[in-house]
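Structural features, examined
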Amino acid sequence: MNKAEEQYPVQSGSTFAKGIFIGGLLGAAAALLFAPKPGRELRGDLSEKVGMVTDRTKEVATVVGDKASEIAKTVSSKTSDLARTVNQGRNDVMDSVKKASADIAEEATRASEEVAAASAEAKEDARKELNSTSL
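All figures in this text were calculated on a predicted structure; none of them were measured in a lab. (Residues numbered from 1 in each chain as written. Predicted model: local features only at pLDDT ≥ 70, side-chain atom pairs only at ≥ 80, totals over all residues. Heavy atoms only, no water.)

1. Observations regarding the overall build of the protein
Within the protein, the regular secondary structure consists of three helices and zero strands. Helices (α) and strands (β) of the protein occur, in sequence order from the N terminus, as α-α-α. Classification of the 135 residues of the protein by burial places 2% in the buried group. Carbon and sulfur atoms make up 63% of the accessible area of the protein, which totals about 11,700 Å². (Helix = DSSP H or I, 4+ residues; strand = E, 2+ residues; numbered from the N terminus. Buried < 20%, exposed > 50% of the residue type's maximum accessible area, 1.4 Å probe, protein only. Areas by Shrake-Rupley, 256 points an atom, 1.4 Å probe, with all protein chains shown as cover.)

Structure representation (structure tokens):
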């Protein structure tokens, strides 16, 4: 690449299109200004063109506003749906955890009772064995 290419890189297609559009507007304005028309007629033409551009700008602004409003409503709706789904999932997980905790506590209680019963039985067996050997 030469020095000029490094300093002024190639622009994207949209930038090029914008340049053509702006150049066209400037060319049209120059054509109107340098056309052999009387001042009153030229001012009338300029006023008409400015009015057309203003109307078109208002139309585009209205369309953009409508689209932005639609997008905002869609985003709001999707966000609400997502929040609802997340809350439902959280509630399901909490219910599962509570049920699992209750099951584990119940199982621990049963195991503790079984250990206590086995311990009592072993104690009784040891006492019987001691009594039988000492007689």
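There's more to say after this.
2. Details of the pattern of salt bridges
Close approach of charged atoms allows side chains with opposite charge to pair. Across all of its chains, the model carries six salt bridges by this definition. With a closest N to O distance of 3.0 Å, Asp81 and Arg84 form a salt bridge. Of this pair, Asp81 and Arg84 both sit in helix α3 (residues 39-134), three residues apart, which is roughly one turn of the helix. For Arg84, a relative accessible area of 54% translates into the label exposed. In this structure, Glu107 engages Arg110 in a salt bridge whose closest nitrogen and oxygen atoms are separated by 3.0 Å. Here the residue Glu107 and the residue Arg110 both occupy positions in helix α3, the gap between them amounting to three residues, near one helical turn. Look at the salt bridges and you will find they share partners, linking Glu106, Glu107 and Arg110 into a network. (Salt bridge = Lys/Arg side-chain N within 4 Å of Asp/Glu carboxyl O.)

3. Overview of a nonpolar patch on the surface
Together, Phe21, Ile22, Leu25 and Leu26 make up an exposed nonpolar region whose accessible area comes to about 440 Å². Following the sequence through the fold, Ile22 ends up in helix α2 (residues 13-34). Judged by its relative accessible area of 49%, Ile22 falls in the partly exposed class. (Patch = residues over 30% accessible without salt bridge, like charges linked within 9 Å, V, L, I, M, F, W, Y side chains within 5 Å.)

4. Overview of the confidence of the model for the protein
Low pLDDT means the predicted atomic positions in that stretch should not be read closely. Across the protein, pLDDT averages 84, with 86% of residues at or above 70. Per-element confidence in the protein is highest for α3, whose mean pLDDT is 89, and lowest for helix α1 (residues 3-7), whose mean pLDDT is 63. (pLDDT = per-residue confidence, 0-100.)

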